[in-house]
Amino acid sequence: MSSKVWLITGANSGFGRAFVDAAVAAGDVAIGAVRRAGTLGELVAAYPDQVEELVLDVTDTDAIEPAVRGVLA
C-alpha cells in the first residue's frame, strides 16, 4: 500500500499539528502549511522523509493555487 500525501494548514499548532502527528504515525507524508518559516523545523528534522514545511498564508488567496500546484507536482 502506498502512503498518502496530506496538505495540512495551521500545521504548527492545535488541530493542524494533531493532523500532522496522525499522518506521520500512519506512515503518510505531511506537507505542513505555516505562516512563518522554521516553525516545523523540529518535525522536519525528526521525520525528513515524511514532513515538509510549506510557508503559506491562507488569507493570501493569490498564493493558494500555486502552493497546491507545487504539492501536486
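Look a little higher up for the structure.
Now for a quick tour of the structure. (Residues numbered from 1 in each chain as written. Predicted model: local features only at pLDDT ≥ 70, side-chain atom pairs only at ≥ 80, totals over all residues. Heavy atoms only, no water.)

## Thoughts on the environment of Trp 6
If you trace the backbone, Trp 6 turns up in strand β1 (residues 5-9). Distance from Trp 6 to Tyr 47, taken between C-alpha atoms, is 14 Å for residues 41 residues apart in sequence. Each residue touching Trp 6, except ones within four places of it in the same chain, is listed here: Ala 23, Asp 28, Val 29, Ala 30 and Ile 31. Of the polar contacts made by the side chain of Trp 6, one reaches the side chain of Asp 28; its length is 3.0 Å. (Helix = DSSP H or I, 4+ residues; strand = E, 2+ residues; numbered from the N terminus. Contact = heavy atoms within 4.5 Å. Polar contact = N/O pair within 3.5 Å; in protein donor to acceptor, adjacent residues only side chain to side chain.)

## Details of the sheet that holds strand β2 (residues 29-34)
By way of backbone hydrogen bonds, the strands of a sheet pair with one another, either parallel or antiparallel. If you walk across this open sheet you meet the three strands as β1-β2-β3, and the pairing is parallel. Here the strands that pair on one side only, and so sit at the sheet edges, are β1 and β3 (51-55). Within this sheet the neighbouring strands show an average axis-to-axis angle of 20 degrees, counted without direction. Strand contacts of helix α1 (residues 14-25): β1, β2 and β3, with the helix running at about 165 degrees to β1, the strand carrying the most contacts. (Pairing = 2+ DSSP bridges. Axes fitted to C-alpha atoms, helices over the stretch in contact; angles between N-to-C directions.)

## Focus: the nonpolar core
In terms of nonpolar packing, the biggest core is built from 10 residues, these being Ile 8, Ala 11, Val 20, Ala 23, Val 24, Ala 30, Val 34, Leu 40, Leu 43 and Val 51. Considering every element that reaches this core, the biggest residue donor is α1, with three residues. The contacts of Ala 23, once residues within four sequence positions are left out, are Trp 6, Asp 28, Ala 30 and Gln 50. Residues Ile 31, Ala 33, Leu 54 and Leu 56 belong to the second largest nonpolar core, which totals five residues. (Core = buried A, V, L, I, M, F, W, Y, C linked by side-chain atoms within 4.5 Å. Buried < 20%, exposed > 50% of the residue type's maximum accessible area, 1.4 Å probe, protein only.)

## A short note on the pairing of β1
Side chains on a regular strand alternate between the two faces of the sheet. Alignment of β1 against β2, held across five bridges, turns out to be parallel. Paired with Leu 7 across the bridge in β2 is Ile 31. A crossover links β1 with its parallel partner β2, the connecting element being α1, and its sense is right-handed. (Right-handed = clockwise from strand over helix to strand, strands pointing away.)

## Points about α1
Across its 12 residues, α1 extends 17 Å between first and last C-alpha, which sits within 8% of the 16 Å expected from 1.5 Å per residue. Here α1 has its buried residues at Gly 16, Val 20, Ala 23 and Val 24. Angular distribution of buried residues about the axis of α1 spans 100 degrees; they occupy a single face of the element. Opposite its buried face, α1 presents the exposed residues Gly 14, Phe 15 and Ala 25, each directed more than 90 degrees away. Of the surrounding elements, those touching the buried residues of α1 are β1, β2, α2 (41-46) and β3. Looking one or two residues past α1, Gly 27 carries a phi angle of roughly 85 degrees, positive in sign. (Expected span 1.5 Å × (residues − 1). Arc of directions from axis to C-beta.)

No statement about biological role is implied by the geometric values presented.
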